[in-house]
Amino acid sequence: MFPQRLDAPQAYEIAQAMMDGVNRHYQLFRAATQAAKQRFEQADWVTQQRAQRERIAFYDQRVQECVAQLAQVFGAESLPMAVWQQVKLHYIGLMVGHLQPELAETFFNSVTTKILHRTHFHNDFIFVRPAVSTDFLESLHEPAYRAYYPGNLDALPATLVRIIAQLNLDGSFEDLPRDVDALAARIQERLQGLTLRANFQIQVLSSLFFRNKAAYLVGRIITGYTEVPLAVPILHAQAGGLILHAALLTEDDLHGLFSFARAYCMVDMAVPSAYVEFLHALMPRKPRGEIYSALGLAKQGKTLFYREFLHHLRHSSDQFRIAPGIKGLVMLVFDLPSFPYVFKLIKDKFPAPKETTRAEVKGKYLLVKQHDRVGRMADTMEYSLVAFPRARFSQELIAEIQAHAPSQLEISDRDGDGQQEVIISHLYIERRLLPLNMFLQECFDAGLEHEGPRKAMERAVVEYGNAIKELVAANIFPGDMLWKNFGVTRGGKVVFYDYDEIEYLTDCNFRSVPEPRTEEEAMGSEIWYRVGPKDVFPETFGPFLLGHPAVREVFMCHHADLLDPAFWQAHQARIAQGHMHDVFPYDRSRCLQPGAVH
């Protein structure tokens with residue numbers, strides 16, 4: 001129960017110190033994000049990627065600073081619970097009128113759980129549910145979006161020119177009239193069959209979205225009750241100058257742009273909730289938590305995910321189980337069939353041939369979090385001390401955890417009410433994907449003599465090779481390239497999700513298999529050549545991947561170069577020379593001027 005009176009003199013000062021901490025965090029977050037525009041204008045891609053990586057650590061750094069300050073100034077860990085109850089009430093008062101109240105709540109949760117050493121959702125001293133609404137929250141000085149009214153399609157090119165001009169990009173366009181005419185033609189094609197109503201307008205978010213070598217204009221076209229998504233990537237052309245590169249005009253296009261398998265965007269937002277609501281209206285199937293994460297606010301994404309997870313637990317009754325598929329040697333994976341995510345924890349011991357440690361595995365997952373995922377590596381959410389209802393765990397799953405990760409498991413009655421909880425000390429949560437080996441088996445079982453299963457198999461094998469090549473372009477070698485380590489998304493895209501053996505491509509030594517020197521070497525069951533710790537022999541991939549003749553035929557037709565060391569060596573040389581390859585988050589068919597960028 002909360003106190004009727006606020007009589008602890010230090011409670012307000014603690015609340016104010018915590019609010020100062022979150023304000024400092026968002027000030028630094030915005031400063032790093034605002035600088036993305038200048039880096040884009042100067043085509044400073046190396047600094048842009050470094051800034052994206054460094055910004056990820058900002059939140060934890062500010063939390064640690066605030067915890068240290070509260071411990072030093074107020075002796076926070078020794079304060080009675082009654083004081084913390086009052087701190088929360090004062091903090092709620094400070095959030096009134098705040099432009100990022102949802103971020104402030106999450107920051108409060110992060111700080112208090114570190115001080116009070118409690119992280120469970122039934123804790124009275126954290127914000128389990130939002131206390132301050134973000135509905136219709138808006139900055140008086142920085143509107144989230146601007147509206148433009150062409151009136152008719154003939155005026156569309158002139159309106160698009162106005163929109164581009166108000167972006168205030170420092171740099172000239174290669175041929176803006178050409179690009180605007182091409183964009184207007186695509187929009188007219190998309191609106192074909194629709195009646196232009198009195199409210200015909202284009203709403204554009206005020207800030208550009210920056211990621212890698214592109215800036216994205218994002219908005220929507222409205223006529224009557226119809227809303228059409230609009231995103232336009234702006235790139236540097238081969239010959240110099242800027243170009244409008246593509247027209248993204250469907251919900252699926254935006255899902256690709258803001259995919260959970262891509263790096264976080266840098267976008268300057270005075271009111272992040274306004275941007276999230278705008279984007280959620282365009283992508284209603286995408287959880288708001290994933291949108292926050294895509295905008296670089298990953299901690300807020302985790303908060304919303306956990307709230308949605310708890311809500312789902314209250315309204316479902318199925319049990320957690322060992323996830324379908326081939327069990328991994330390093331990670332133990334379980335899921336809830338009715339919930340579209342998987343839960344992964346690191347095993348206590350790894351059988352041969354795995355030679356790694358828990359710290360190294362965590363390092364690999366951090367690498368993926370900080371790296372450009374180019375749409376081919378699933379994002380992960382990392383949690384500690386997560387409580388689950390014991391009644392929802394199958395006995396088989398409990399036995400599996402006790403056998404392989406006992407140090408990660410605690411079963412207790414925290415509230416003394418007889419309701420046991422399963423507490424996992426550390427885990428990763430990812431979007432659930434259909435393992436590629438299971439997808440291919442479904443195609444085989446359906447019969448490749450039928451056109452549907454055969455085409456699905458062919459697409460998956462081609463996508464698998466494309467995924468590897470795009471990872472290579474981003475300086476990532478997957479390590480274990482077996483089909484089971486890749487998954488198929490709802491849209492048919494192949495994504496990598498097993499990170500314990502990934503390496504930077506430039507750290508690997510790609511070699512050809514030496515010729516055997518004797519007949520005994522050629523006929524022997526053991527390899528006859530020396531293998532270093534970073535040596536990779538692409539020629540040996542085939543026997544592990546291409547056992548099925550139909551799969552082998554498709555793979556060799558489209559991706560035979562993956563079996564050639566020269567392919568990998570060429571990409572190493574390109575990366576060493578500082579070249580950053582273009583990996584677009586949209587299909588080439590969306591491009592306005594194909595071949596216009598390098």
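Residues numbered from 1 in each chain as written. Predicted model: local features only at pLDDT ≥ 70, side-chain atom pairs only at ≥ 80, totals over all residues. Heavy atoms only, no water.

Undergrad: Give a detailed account of the overall build of the protein chain, specifying residues and quantitative values.
TA: Assigned secondary structure in the protein chain consists of 19 helices and 19 strands. In terms of overall dimensions, the protein chain is globule-like: its C-alpha atoms have a radius of gyration of 26 Å, near the 25 Å expected for 598 residues. For the protein chain, the C-alpha atoms occupy an extent of roughly 90 × 70 × 45 Å along the three principal directions. Sorting the 598 residues of the protein chain into buried and exposed places 54% on the buried side. When the accessible surface of the protein chain is totalled, it reaches about 27,300 Å², and 52% of it is carbon and sulfur. Placing the 62 positive and 71 negative side-chain charges of the protein chain at their respective mean positions leaves the two points 3 Å apart. (Helix = DSSP H or I, 4+ residues; strand = E, 2+ residues; numbered from the N terminus. Rg over C-alpha atoms; globule rule 2.2 N^0.38 Å. Buried < 20%, exposed > 50% of the residue type's maximum accessible area, 1.4 Å probe, protein only. Areas by Shrake-Rupley, 256 points an atom, 1.4 Å probe, with all protein chains shown as cover. Lys, Arg positive; Asp, Glu negative; His and termini not counted. Charge placed at Lys NZ, Arg CZ, Asp CG, Glu CD.)

Undergrad: Any details on the side chain of Arg 376? Residues and values, ideally.
TA: Inspection of the secondary structure assignment puts Arg 376 in the loop between helix H12 (358-370) and strand S10 (381-389). Under the relative-accessibility criterion, Arg 376 is labelled buried at 1%. Looking at Arg 376, its side chain comes within polar contact range of the main-chain oxygen of Val 494, at 2.8 Å. (Polar contact = N/O pair within 3.5 Å; in protein donor to acceptor, adjacent residues only side chain to side chain.)

Undergrad: Account for the nonpolar core, naming residues and giving values.
TA: Counting 60 residues, the largest nonpolar core has Leu 436, Met 457, Tyr 464, Phe 477, Trp 483, Tyr 499 and Trp 568 as the members making the most contacts within it. The greatest single-element share of this core, amounting to 10 residues, is contributed by helix H15 (residues 451-473). Leaving out residues up to four positions away in the same chain, Met 457 has contacts with Leu 440, Cys 443, Phe 444, Leu 448, Ala 550, Val 551 and Val 554. Counting residues in hydrophobic clusters, the runner-up holds 40 residues, among them Leu 103, Leu 205, Leu 254 and Leu 304. (Core = buried A, V, L, I, M, F, W, Y, C linked by side-chain atoms within 4.5 Å. Contact = heavy atoms within 4.5 Å.)

Undergrad: An account of helix H19 (residues 565-576) is requested, with residue identities and associated values reported.
TA: Helix length check: H19, at 12 residues, gives a terminal C-alpha distance of 17 Å against a target of 16 Å (1.5 Å per residue), a fit within 8%. Listing the buried residues of H19 in full gives Pro 565, Phe 567, Trp 568, His 571, Gln 572, Arg 574 and Ile 575. As for H19, its buried residues are in contact with H15, strand S14 (476-477), strand S18 (509-510) and helix H17 (541-545). Sitting at the amino-terminal end of H19 is Asp 564, which places a side-chain oxygen 3.0 Å from the backbone nitrogen of Ala 566. At the exit of H19 stands Gly 578, carrying a positive phi of roughly 90°. (Expected span 1.5 Å × (residues − 1).)

Undergrad: Summarise unusual backbone geometry; cite the residues concerned and give the values.
TA: For the peptide bond that leads from Ala 352 to Pro 353, omega is 10°, which places it in the cis range. Within the secondary structure, Pro 353 is located in the loop between strand S9 (341-346) and H12. Of note, Phe 136 is a non-glycine position whose phi angle comes to about 60°, a positive value. In this fold, Phe 136 is placed in the loop between helix H5 (101-116) and strand S1 (145-148). For Leu 385, which is not a glycine, the phi torsion comes out positive at approximately 50°. Secondary-structure assignment places Leu 385 in strand S10. For Leu 385, a relative accessible area of 36% corresponds to the partly exposed category.

Undergrad: Residue-level account of the pattern of salt bridges, with values.
TA: Inspection of every chain in the model, using the stated rule, returns 33 salt bridges. Of the charged contacts, one joins Glu 503 and Lys 364 as a salt bridge, the two residues approaching to 3.3 Å between their closest N and O atoms. With a gap of 139 residues between them, Glu 503 in strand S17 (residues 503-504) and Lys 364 in helix H12 connect regions that are remote in the sequence. Judged by its relative accessible area of 21%, Glu 503 falls in the partly exposed class. Close ionic contact of Arg 373 with Asp 379 constitutes a salt bridge, the shortest N to O distance being 3.9 Å. There is no split in this pair, since Arg 373 and Asp 379 are both buried. (Salt bridge = Lys/Arg side-chain N within 4 Å of Asp/Glu carboxyl O.)

Undergrad: Pulling in residues and values, what's your account of the environment of Tyr 341?
TA: By secondary structure assignment, the location of Tyr 341 is in strand S9. With 90 residues separating them in the primary sequence, Tyr 341 and Arg 431 have C-alpha atoms 4.4 Å apart. The contacts of Tyr 341, once residues within four sequence positions are left out, are Pro 287, Glu 290, Phe 305, Asp 335, Met 381, Ile 429, Glu 430, Arg 431 and Arg 432.

Undergrad: I'd like a description of the packing of aromatic side chains, backed by residues and values.
TA: A full pass over the atoms with the stated rule returns 42 aromatic pairs. For the pair Phe 108 and Phe 127, a centre-to-centre distance of 5.2 Å together with 70° between the ring planes defines the contact as edge-to-face. Linking Phe 108 in helix H5 with Phe 127 in the loop between H5 and S1, this pair joins segments that are 19 residues apart in sequence. You can call Phe 127 buried: its relative accessible area is 3%. With centroids separated by 5.6 Å and ring planes inclined at 75°, the aromatic side chains of Phe 209 and Phe 258 adopt a geometry described as edge-to-face. Taken together, the residues Phe 209 in strand S3 (residues 209-211) and Phe 258 in the loop between helix H8 (251-257) and helix H9 (272-282) connect sequence positions 49 residues apart. According to the relative accessible area criterion, Phe 209 is buried, its value standing at 0%. For Phe 258, a relative accessible area of 2% puts it in the buried group. Three or more aromatic residues joined by ring pairs make a cluster, and in this case those are Phe 305, Tyr 306, Phe 309, Phe 320, Phe 334, Phe 339, Tyr 341, Phe 343, Tyr 383, Phe 388 and Phe 393. (Phe/Tyr/Trp six-rings, centres within 6.5 Å; stacked < 30°, edge-to-face > 60°.)

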